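Architecture at a glance
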Amino acid sequence: MEESFVIGLMSGTSVDGIDAAVLKTDGNHIFWISGGSKLTIMTKNHRLIKRLNLGGSAYSSANLMLGENKKVFVVLNEDDRTKVFQIDYQNENAISPKVIADFVGYRRAVRKIGNKLYLVLSEHGGDSHAVSPRNHSGLDTDNIASYFRKDLEKLKDRNLGELTGASDQMIKRICNKMYVPGKSSNSYTTSNSASIGLYSFHGVSLTRVVGLDLTTQKVFESGVAEYVEHVYMNKTSLYLTTNSYDTTLLHKFSVDGQISYKGSAEISGQILNQFSMDEHKGVLRVAITKWTHGNTFNQVLTIGQAEDKTLKVIGETRDLAKGERIYSVRFNGVKGYVVTFRQVDPLFTIDLKDPANPEVLGELKIRGFSTYMQMIGRDKILAIGDSGLGNV
């Protein structure tokens, strides 16, 4: 069994080349996080080199990333702060952690591409969390900055040199990087627009997409005034999603050296997790479950970028497995694989070669259901789940 396959299972990584693990190896060393914030380093022959306590608690959570020149990076979340540690293990007798970034915000997701680290951080305002600004339309830039001031005041605490002693003007300037969902599915605007109408289902939240250059420690960011549940990222794009009642809100950002907002959409139905999304040649493929008149329907949608900074559905499959719901999804190039379940486990194979006309190629029915699928090579899938009889 290949090492990359084992690490893929341990990390739940959905895209090759996008690092998002809690267990790592460089071929000669093994690294893992335990107890919330304890990093263990040992040789491949199981000789313990170092065990570091990074100062969190048993309730902390962390991500582990390998860097160049025998460096490992740990992203540690403790309460509403997220710290990035760098550990140099070239000299076994001088291994110690160094904090290279400290952000306010709860870590929703961490990804690494090359020497850049990407963090999705959520912040909930104090008093503003209970406020529904749906009726506050026509706010100008100054009022929006004032409205979110309690959230944006936290910027003063961030490890960003440009914000030392942040003034109102600086806070307003950072506010302008935050995109504010409008009142309709096609009305997503920057905060210096006159349109604001946040969805009140989750209260008021700010989600920041932060990039950190691990060589220079330079920080760049964008974000959206929205609560986020699922994150999908490949080497050029990042998508944030929120399930809201019977719809899913999608927000797209490009990650080509900088982070730029590209567009948003609202689609009918809900996604299961990050594996329900995949982008191929600029087209997003999404597997969704819809509830209609007391029944469930499942589909795979293809979504493209429109010129007006909105995302548009350009194709969809027929309804899959009426009365069932999606339990696992995998995309692989121009193919998609979807497992639904009620009494048996239909595995659907979807041809996505033509984004405007996705087609169901066939289905395989097996007792039980799969909750995780992993590609093995080009033409095999390992499916793990419940047999329907109480065992794996």
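In case you missed it, the structure is sitting above this.
Residues numbered from 1 in each chain as written. Predicted model: local features only at pLDDT ≥ 70, side-chain atom pairs only at ≥ 80, totals over all residues. Heavy atoms only, no water.

Some remarks on the sheet that holds strand 17 (residues 247-254)
To keep it simple, the criterion reads: Here, strands pair whenever DSSP counts at least two bridges between them. Strands here mean DSSP runs of E at least two residues long; helices mean DSSP runs of H or I at least four residues long; both are numbered from the N terminus. A fitted line through C-alpha atoms serves as each axis, taken over the contacting stretch for helices, and the angle formed by two N-to-C directions is quoted from 0 to 180°.
The sheet built from 4 strands is open, its strands ordered 15-16-17-18 with antiparallel pairing. Across the chains shown, the open sheet's two edge strands, defined by having one partner strand only, are strand 15 (230-233) and strand 18 (260-268). Pairwise comparison of adjacent strand axes, ignoring direction, gives a mean angle of 20 degrees for this sheet. As defined by bridge partners, strand 15 adjoins strand 16 (residues 237-244) across 4 bridges and the pair is classed as antiparallel. Residue Tyr232 lies in a different strand from strand 16, and its bridge partner there is Tyr239.

Focus: the pattern of salt bridges
Any two side chains of opposite charge can pair, given that their charged atoms come close. For clarity, the cut-off: Just to be clear on terms, a salt bridge is a Lys or Arg side-chain nitrogen sitting within 4 Å of an Asp or Glu carboxyl oxygen. Each residue is placed in one exposure class: buried if its accessible area under a 1.4 Å probe, protein chains only, is under 20% of its type's maximum, exposed if it is over 50%, and partly exposed if it falls in between.
A full pass over the atoms with the stated rule returns 6 salt bridges. When the shortest N-O distance is used, the salt bridge between Arg208 and Glu221 registers 2.9 Å. With Arg208 in strand 13 (residues 205-213) and Glu221 in strand 14 (residues 219-224), this pair connects stretches of sequence that are 13 residues apart. Using a relative accessible area of 1% as the deciding quantity, one classes Arg208 as buried. You can call Glu221 buried: its relative accessible area is 13%. Two residues, Asp278 and Arg285, come together in a salt bridge whose shortest N-O distance is 2.6 Å.

What to know about unusual backbone geometry
Unusually for a residue other than glycine, Asn69 sits at a positive phi of about 55 degrees. Positive phi outside glycine occurs at Lys70, with the angle close to 55 degrees. Structurally, the position occupied by Lys70 is in the loop between strand 5 (61-66) and strand 6 (71-78). Since its relative accessible area comes to 40%, Lys70 is described here as partly exposed.

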